[in-house]
Amino acid sequence: MLTVLIANPKGGCGKTTIATNLAAAFANNGLVTTIADVDNQKSSLGWLQTRPETAAPIKGVDWGGDVGKVGKKTARLVIDSPAAMSIKETKDYVRLSDVVVVPILPSAFDQRTTAAFLAELNLLKPVRKERKAVALIRNRIRGRSRAAARLDRFLIDKDLNGVTRLPDRALYPELADRGLSLFDLKDQTSEPLRQDWWPLLRFIENAAA
Ligand SMILES: Nc1ncnc2c1ncn2[C@@H]1O[C@H](COP(=O)(O)OP(=O)(O)O)[C@@H](O)[C@H]1O
Ligand SMILES: [Mg+2]
């Protein structure tokens, strides 16, 4: 089983969006996939409840109280985490994971919070010693906006590498409302949006290898 933790203390940066899309990408590839929802808001589990029966199946488990069990056949486990997670909790979940995905928004506040979080993350023993892979994802990017350029400069200044950029698109919340994701669509129009995810999917599979 390969475990991917989505984490960032900043609310609204895209953790649930990334957790649900990643889970659907795995499920549509025929992998037995489970989402563990640690967040009390249960957004991922709510999304699963609205998911059509015809869509690729994804199992949901509630880890709100504590780390729970996952079905033995699970090949990909995606952990969706809450905004306010202590560093101790973060450490516990990082220890369980093979890859940590950290979304970052193009906003000065988010950048500072995320950089501080990444610094904390890098100090954690499982990341430092066992070299857990950390993937930084620029999310809700608007083409040539000043904010996007500032985020790029910020990453260069901090010597951080982003794995990919996801654009700001209304399709994300629209699909989420219907229990769906980009990976449940097969049309050509949305194909470029799926391609944005390829570097992350490759990153995760390389960590698995
Ligand atoms: N790339 C994107 N384009 C458009 N809207 C997005 C994108 N990523 C996230 N959102 C929206 O931003 C809001 C917060 O995202 P969410 O994934 O719930 O963040 P978190 O789980 O970190 O709190 C949601 O309404 C979501 O649909
Ligand atoms: Mg969330």
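Cut-offs applied
Residues numbered from 1 in each chain as written. Chains lettered and ligands numbered in written order. Predicted model: local features only at pLDDT ≥ 70, side-chain atom pairs only at ≥ 80, totals over all residues. Heavy atoms only, no water. Phe/Tyr/Trp six-rings, centres within 6.5 Å; stacked < 30°, edge-to-face > 60°. Helix = DSSP H or I, 4+ residues; strand = E, 2+ residues; numbered from the N terminus. Buried < 20%, exposed > 50% of the residue type's maximum accessible area, 1.4 Å probe, protein only. Pairing = 2+ DSSP bridges. Axes fitted to C-alpha atoms, helices over the stretch in contact; angles between N-to-C directions. Contact = heavy atoms within 4.5 Å. Parallel < 35°, antiparallel > 145°, perpendicular 65-115°, else oblique. Left-handed = near helix turned anticlockwise from the far one by under 90°. Nonpolar A, V, L, I, M, F, W, Y, C, P; charged D, E, K, R; others polar.

**Remarks on the packing of aromatic side chains**
- A complete count under the given rule lists three aromatic pairs for this structure.
- With 6.4 Å between their ring centres and 20° between their planes, Trp-63 and Tyr-93 make a pair best called stacked. You can see Trp-63 sitting in the loop between strand E3 (59–62) and strand E4 (76–80) and its partner Tyr-93 sitting in helix H3 (residues 87–96), a full 30 residues away along the chain.
- Under the relative-accessibility criterion, Trp-63 is labelled buried at 3%.
- A relative accessible area of 6% places Tyr-93 in the buried class.
- By the ring-pair criterion, three or more aromatic residues cluster together here, those being Tyr-172, Phe-183 and Trp-197.

**A few points about the sheet that holds strand E1 (residues 2–6)**
- Spatial ordering of the open sheet is given by E3-E2-E4-E1-E5-E6-E7, a layout of seven strands whose pairing is parallel. Of all the strands in the sheet, just E3 and strand E7 (162–167) have a single pairing partner and so form its edges. Taken over all neighbouring pairs, the strand axes of this sheet differ in orientation by 25° on average, direction set aside.
- The strands touched by helix H1 (residues 15–28) within the sheet are E1, strand E2 (33–37), E4, strand E5 (99–104), strand E6 (133–141) and E7, with E4 carrying the most contacts at an inclination of about 170°.

**Remarks on the packing of H1 against helix H2 (residues 43–50)**
- Where H1 contacts H2, the two axes come as close as 10 Å, and the packing angle between them is 45°. What the angle tells us is that H1 and H2 run oblique. The chirality of how H1 crosses H2 is right-handed. Contacts from Thr-16, Ala-19, Thr-20 and Ala-24 in H1 reach Ser-43, Ser-44 and Trp-47 in H2.
- Looking at the contact of H1 with H2 residue by residue, the class counts come to three nonpolar, four polar and no charged.

Functional significance is not addressed by these values, which are geometric in nature.
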